[in-house]
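What the coordinates show
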Amino acid sequence: MKLDRDILTIVCSSNQKYIPYLKTFLNSILINSPSVNIVARLVNVDSETKKELRKKFKSLNLYIMNDNKKINNKKVIKPEIGEFGYQELLSLVRSKNNNLITNSEGVYCSNIKFNTINKLLNKDFKNIVYLDVDTIVRKDISILKDNLQNYDIGMFINEDELDCYSGWNAGIMLIRNTNASKMMYLLIEKFVNDKFWDVDADEEVFDKIYNEHKEVLKLYKVEKTFKDNGPNYDIDSHMWSGQSQEKVLNDSYKIESKKYEIS
């Protein structure tokens, strides 16, 4: 892994289904924030696709982590489905672009990110940012390294979800390599491994582990500019997230995404 461990390192995961989003994500980094590392864990992605990615993004500091795993692909309904009315659900179920129904491989891609992060912490990478691949990077995000310097971890807390959920949003996670962050992420990985096929395990664990150890963890509350979830996206935001159905239904996101699409 010939990467500079001192610069900001972006971690992401993708399976074959999400490769189009991954390409857009990587291209947005190439155009707007090329001075970072990217470690992409590719789950059951074919060799030709990996070869294509290396060729198209050879000017990026890109490392591909191969993960070929036999998975029993059962359907999994995401919890966001409760946000929609009957007619909306009917339309989404009929849509080929429906992202509310995933499968076991999708859950694996999500929950394996903690293993990836811990591998990099053990290899002495100094500053790590996990991002979902439906993120569009619109500005230089290398500044996150500076934002994190007085903290152990960084998370975006969605104030709109505090009444119903913890508000933690695992679509972006910042980790500075400290004893406290290493401890937390080892505990998180252990917790997630015990509930590995739970689609909600990643965000549930943050509330639990952080509150049990917050006296020794310095938390950076990530600003919305780095985790703009829409639906009314801010034109000045550093990153737009296509979480849930925004990537499928939101016209602003789709128009922005097309700027970075690559065949």
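Because the structure is a prediction, the values reported are computed rather than measured.

Regarding its fold elements, the protein presents 10 helices and 11 strands. Partitioning the intrachain contacts of the protein with sequence separation of at least 6 by distance along the chain shows that 76% fall at a separation of at least 24. Looking at the protein as shown, the accessible area adds up to about 12800 Å², and 48% of this sits on carbon and sulfur atoms.

We now examine the packing of helix α5 (residues 113-122) against helix α7 (residues 179-194). Each packed pair of helices is defined by two parameters, the angle between the axes and the distance between the axes. Packing of α5 against α7 brings their axes to within 9 Å, and their N-to-C directions diverge by 150 degrees. Classified by the angle their axes make, α5 and α7 are roughly antiparallel. Handedness of the α5/α7 crossing: left-handed. Between α5 and α7, the residues in contact are F114, N115, I117, N118 and L121 and K182, Y185, L186, I188, E189 and V192, respectively. Looking at the contact of α5 with α7 residue by residue, the class counts come to 7 nonpolar, 2 polar and 2 charged.

To continue, consider the pattern of salt bridges. Two side chains that carry opposite charge are able to pair once their charged atoms sit near each other. Going through the model one piece at a time under the given rule, you end up with 11 salt bridges. The partner of D124 in a salt bridge is K126, and the shortest N-O contact between them spans 3.1 Å. Under the relative-accessibility criterion, D124 is labelled partly exposed at 40%. For D251, the salt bridge is made with K254, and the minimal N-O distance between the two is 3.7 Å. Separated by 3 residues within a single helix, D251 and K254 lie in helix α10 (residues 251-258), roughly one turn from each other. In the salt-bridge network here, residues are joined through shared partners; they are D6, D124 and K126.

Let us look at the pairing of strand β9 (residues 168-176). Counting buried residues in β9 gives 8 out of 9 residues, a clear majority hidden from the surface. With 5 bridges connecting them, strand β6 (residues 127-131) and β9 associate as antiparallel partners. Paired with N127 across the bridge in β9 is R176. Note: strand β8 (residues 153-157) against β9, 5 bridges, orientation antiparallel. Opposite G154, over in β9, you have L174 as the bridge partner.

To continue, consider the environment of I188. For I188, the location among the structural elements is in helix α7. Take I188: its relative accessible area is 0%, and that puts it in the buried class. Each C-alpha atom, one on I188 and one on F206, is 7.4 Å from the other, the two residues being 18 residues apart in sequence. Ignoring anything within four residues of it in the chain, the contact list for I188 reads F114, V205, F206 and I209.

Within this structure, the stated rule accounts for 9 aromatic pairs. Geometrically, the ring pair formed by Y185 and F206 is edge-to-face, given 6.1 Å between the ring centres and 75 degrees between the ring planes. Here Y185 is found in helix α7, whereas its partner F206 is found in helix α8 (residues 201-213), with 21 residues between them in sequence. For the pair shown, Y185 and F206 are each scored as buried. Relative to W240, the ring of Y233 has its centre 4.6 Å away and its plane inclined at 25 degrees; by these criteria the two rings are stacked. Exposure remark for W240: the relative accessible area of 4% places this residue in the buried category.

Attention now moves to the sheet that holds β6. An order of β3-β2-β1-β6-β9-β8-β10 is seen for the 7 strands of this open sheet, with the pairing classed as mixed. Among the strands making up the open sheet, the edge pair consists of β3 (61-67) and β10 (219-221). Taking the axes of each pair of neighbouring strands and ignoring which way they run, one obtains an average angle of 25 degrees across the sheet. Running over the sheet, helix α4 (residues 104-111) touches β1 (8-15), β2 (37-43) and β3 and is turned about 170 degrees from β1.

The rules behind each value
Residues numbered from 1 in each chain as written. Predicted model: local features only at pLDDT ≥ 70, side-chain atom pairs only at ≥ 80, totals over all residues. Heavy atoms only, no water. Helix = DSSP H or I, 4+ residues; strand = E, 2+ residues; numbered from the N terminus. Contact = heavy atoms within 4.5 Å. Areas by Shrake-Rupley, 256 points an atom, 1.4 Å probe, with all protein chains shown as cover. Axes fitted to C-alpha atoms, helices over the stretch in contact; angles between N-to-C directions. Parallel < 35°, antiparallel > 145°, perpendicular 65-115°, else oblique. Left-handed = near helix turned anticlockwise from the far one by under 90°. Nonpolar A, V, L, I, M, F, W, Y, C, P; charged D, E, K, R; others polar. Salt bridge = Lys/Arg side-chain N within 4 Å of Asp/Glu carboxyl O. Buried < 20%, exposed > 50% of the residue type's maximum accessible area, 1.4 Å probe, protein only. Pairing = 2+ DSSP bridges. Phe/Tyr/Trp six-rings, centres within 6.5 Å; stacked < 30°, edge-to-face > 60°.

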